[in-house]
Amino acid sequence: MIEDIPSIEDISFLSLLNAEAKQYEDFEFNHRRKKYLEFLKQAKTERQMQLFLETNPIILPGLFSRHNGPVGNVIISKLRLADEYETDFAFISVDSARALITLIEIESPSIKIFRDSDHQFTSPFNKAVQQMRDWATWFHSNQTYAKDLFRNIYHRGIFRYQHVTTKVILIAGRRNHIRRNSQREKRWAGLNASIEPNIVVTYDHLAYGMTVDLDVLRKLICRPQQYITTELRRRYQ
């Protein structure tokens, strides 16, 4: 049986649709980036950023570490890790061989990253970096518990046979605080090299690292654990 071959008219129509979709994606990207940067100008607290990112989760970093985006198009806000830690955001992304658990911790956009006196990291910033290291250590030491935690939220077959890894992302401060001199820039680069695959980024990074996928944009939700669990169980029934 000979399969139907698309006509030139069909190909032209699909190309037009793709071009229009790309045009709208560009519009959404620019619109959301502008909205985010305007909000960032007046935001001073971690709580303000938590609320903004919960209602605009497409801006969060790491969503497309695996090409399909977050599993179920869901992001969990304020996920507790046993009785020891609480993440600001968490989600899973997968491909056929690997599953990546991404944990995000946010600090205030106004946090001072460096001391003015000697350009060393400040105590509050060092504390935030240590917390992300503690999360990574906790996951390494509690892999069975961690997998079961996410299986209870998603479904029992969430990881199947994939190799499971974690990545912690810390969002803190503003870029202009780093770019004041080369000494600060070198220390910032050195910090990120020392904590791979985890990463520290400023809030400015989110504005330009964002990826807008229309399908994910339409479906993506960010809610607390209990809501996400209920929603996913309803879907998979």
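Provided above is the structure to which this section pertains.
Residues numbered from 1 in each chain as written. Predicted model: local features only at pLDDT ≥ 70, side-chain atom pairs only at ≥ 80, totals over all residues. Heavy atoms only, no water.

Novice: Pulling in residues and values, what's your account of the packing of helix α4 (residues 143-153) against helix α8 (residues 225-236)?
Specialist: Closest axis-to-axis distance for the α4/α8 pair is 8 Å, and the angle between their directions is 60°. As judged from the angle between their axes, α4 and α8 are oblique. For the pair α4 and α8, the contacting residues are L149, N152 and I153 in the first and Q225, I228, T229, L232 and R233 in the second. Of the residues belonging to the contact of α4 with α8, the class tally is 4 nonpolar, 3 polar and 1 charged. (Axes fitted to C-alpha atoms, helices over the stretch in contact; angles between N-to-C directions. Helix = DSSP H or I, 4+ residues; strand = E, 2+ residues; numbered from the N terminus. Parallel < 35°, antiparallel > 145°, perpendicular 65-115°, else oblique. Contact = heavy atoms within 4.5 Å. Nonpolar A, V, L, I, M, F, W, Y, C, P; charged D, E, K, R; others polar.)

Novice: Which residues make up the pattern of salt bridges, and what values go with them?
Specialist: Using the criterion set out here, one finds 14 salt bridges in the structure. Linking D116 and R184 is a salt bridge whose minimum nitrogen-to-oxygen distance equals 3.4 Å. One end of the pair, D116, is in the loop between β3 (98-106) and α3 (123-141); the other, R184, is in helix α5 (residues 182-195), with 68 residues separating them in the sequence. By relative accessible area, which is 44% here, D116 ends up partly exposed. Note on R184: relative accessible area 1%, which makes it buried. In this structure, a network of salt bridges that share partners links the residues K112, D116, R180 and R184. (Salt bridge = Lys/Arg side-chain N within 4 Å of Asp/Glu carboxyl O. Buried < 20%, exposed > 50% of the residue type's maximum accessible area, 1.4 Å probe, protein only.)

Novice: Please give an account of unusual backbone geometry that cites residues and values.
Specialist: Here the amide bond leading from E196 into P197 is cis, since omega sits at 5°, within 30 degrees of zero. Residue placement: P197 occurs in the loop between α5 and β5 (199-201). Despite not being glycine, K78 has its phi angle at roughly 55°, a positive value. When you line up the elements, K78 lands in strand β1 (residues 74-81). Positive phi, close to 65°, is recorded for H119, a residue that is not glycine. As for its position among the elements, H119 is in the loop between β3 and α3.

Novice: Could you give an account of the pairing of strand β2 (residues 85-94), with specific residues and numbers?
Specialist: Counting buried positions along β2 yields 8 of 10 residues, so the element is predominantly enclosed. As defined by bridge partners, β1 adjoins β2 across 5 bridges and the pair is classed as antiparallel. Its bridge partner lying in β2, L79 is registered against T87. Linking β1 to β2, which pair antiparallel, is a turn of 3 residues; within it A82 sits at a positive phi near 55°. When β2 meets β3, the two strands line up antiparallel, connected through 6 bridges. (Pairing = 2+ DSSP bridges.)

Novice: If you had to explain the nonpolar core to someone new, which residues and values would you point to?
Specialist: Ranked by internal contacts, the top residues of the largest apolar core, which has 41 residues, are I92, F125, F150 and Y154. With 7 residues, α3 is the largest single contributor of residues to this core. Core analysis: the second largest hydrophobic core is formed by 29 residues, L40, M49, F89 and L206 among them. (Core = buried A, V, L, I, M, F, W, Y, C linked by side-chain atoms within 4.5 Å.)

Novice: Any details on the sheet that holds β5? Residues and values, ideally.
Specialist: Overall, mixed pairing links the 6 strands, which are arranged β5-β4-β3-β2-β1-β6 in an open sheet. Looking at strand neighbours, the two that pair on one side only are β5 and β6 (221-224), the edges of this open sheet. The sheet shows a mean angle of 30° between the axes of neighbouring strands, direction not considered. Relative to β5, strand β4 (residues 163-171) runs parallel, the two being bridged by 3 bridges. Across the sheet, I169 pairs through a bridge with I199, a residue of β5.

Novice: Give me the lowdown on the packing of α3 against α5, citing residues and values where you can.
Specialist: Where α3 meets α5, the closest approach of the two axes is 12 Å, and the angle between their N-to-C directions is 15°. Taken together, the axes of α3 and α5 are roughly parallel relative to one another. α5 is crossed by α3, and the crossing has right-handed handedness. Contacts between α3 and α5 pair F125, V129, M132 and R133 from the former with W188, L191, S194 and I195 from the latter. Of the residues in the contact of α3 with α5, the class split is 6 nonpolar, 1 polar and 1 charged. (Left-handed = near helix turned anticlockwise from the far one by under 90°.)

Everything listed is a geometric property; what it means functionally is a separate question.
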